[in-house]
Amino acid sequence: MTSDLSGMGSVHREGGGKAQETPEQRSETGKPMAAATPRDVIHIRLASFVLFVAIALGVLSLIAGATVPAVILGVVVVAAVVDVTMALRRQRRLGTGP
């Protein structure tokens, strides 16, 4: 087994040890890179934040007895779940999702 001096990780030639890595799997600085499109990553991260805030505010509005804001926030939660689902389906179609 030989070590790659360019910061791209170890290269496996024969026998056991580390799995072979290609240069596409690491950035120029040697950090591992995710196999996802930036658009889908942004959709998933923003939607998860929106889900957290909408659920919290929806519960508080239900406790306060304000049903109209709770229903509106419920629609926002459903829209965020649909957005995350669509982003995950796009990643699976590309072959890089969970």
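This text follows the structure it describes.
Residue numbering note: each chain is counted from 1, following its sequence as written. pLDDT decides what is reported in this predicted model: residues at 70 or higher carry local features, side-chain atom pairs at 80 or more are listed and counted, and totals for whole chains, interfaces and linings draw on all residues regardless. Note that water and hydrogens are dropped before the side-chain values are worked out from all heavy atoms of the structure.

**Q** With reference to specific residues and values, describe a nonpolar patch on the surface.
**A** Patches here: salt-bridge-free residues with over 30% relative accessible area, like charges joined within 9 Å, nonpolar side chains (Val, Leu, Ile, Met, Phe, Trp, Tyr) joined within 5 Å. For the area figures, the Shrake-Rupley method with a 1.4 Å probe applies, and any residue is considered shielded solely by the protein chains shown. What counts as a salt bridge is simple: a side-chain nitrogen of Lys or Arg found within 4 Å of a carboxyl oxygen of Asp or Glu. On the surface, Phe-49, Val-50, Phe-52, Val-53, Ile-55, Leu-57, Val-59, Leu-60, Ile-63, Val-68, Ile-72 and Val-76 cluster together into a nonpolar patch covering about 1,100 Å² of accessible area. Segments assigned H or I by DSSP are reported as helices when at least four residues long, segments assigned E as strands when at least two residues long, and all are numbered from the N terminus. Mapped onto the nonpolar patch, the elements with two or more residues apiece are α1 (38-64) and α2 (67-94). Per-element accounting of the nonpolar patch gives the leading share, nine residues, to α1. Given a relative accessible area of 55%, Phe-49 falls into the exposed group. Buried, partly exposed and exposed residues are distinguished by accessible area as a fraction of the type maximum, computed with a 1.4 Å probe on protein chains only: under 20%, between the cut-offs, and over 50%, respectively.

**Q** If you had to explain the pattern of salt bridges to someone new, which residues and values would you point to?
**A** Following the criterion strictly, the structure yields two salt bridges and no others. Of the charged contacts in the structure, one is a salt bridge between Asp-40 and Arg-39, with a shortest N-O distance of 4.0 Å. We classify Asp-40 as buried; its relative accessible area is 3%. Residues participating in the shared-partner salt-bridge network are Arg-39, Asp-40 and Arg-90.

**Q** Any chance you could break down the nonpolar core for me, citing the residues and the numbers?
**A** A general trend in soluble globular proteins is that nonpolar side chains are found buried together. Residues belong to a common nonpolar core when they are buried Ala, Val, Leu, Ile, Met, Phe, Trp, Tyr or Cys residues joined through side-chain atoms within 4.5 Å. Counting residues in each nonpolar core, the largest one holds seven residues, listed as Ala-47, Leu-51, Ala-54, Leu-73, Val-77, Ala-80 and Val-84. When contributions to this core are tallied by element, the ones reaching two or more residues are α1 and α2. The element that contributes the greatest number of residues to this core is α2, accounting for four residues.

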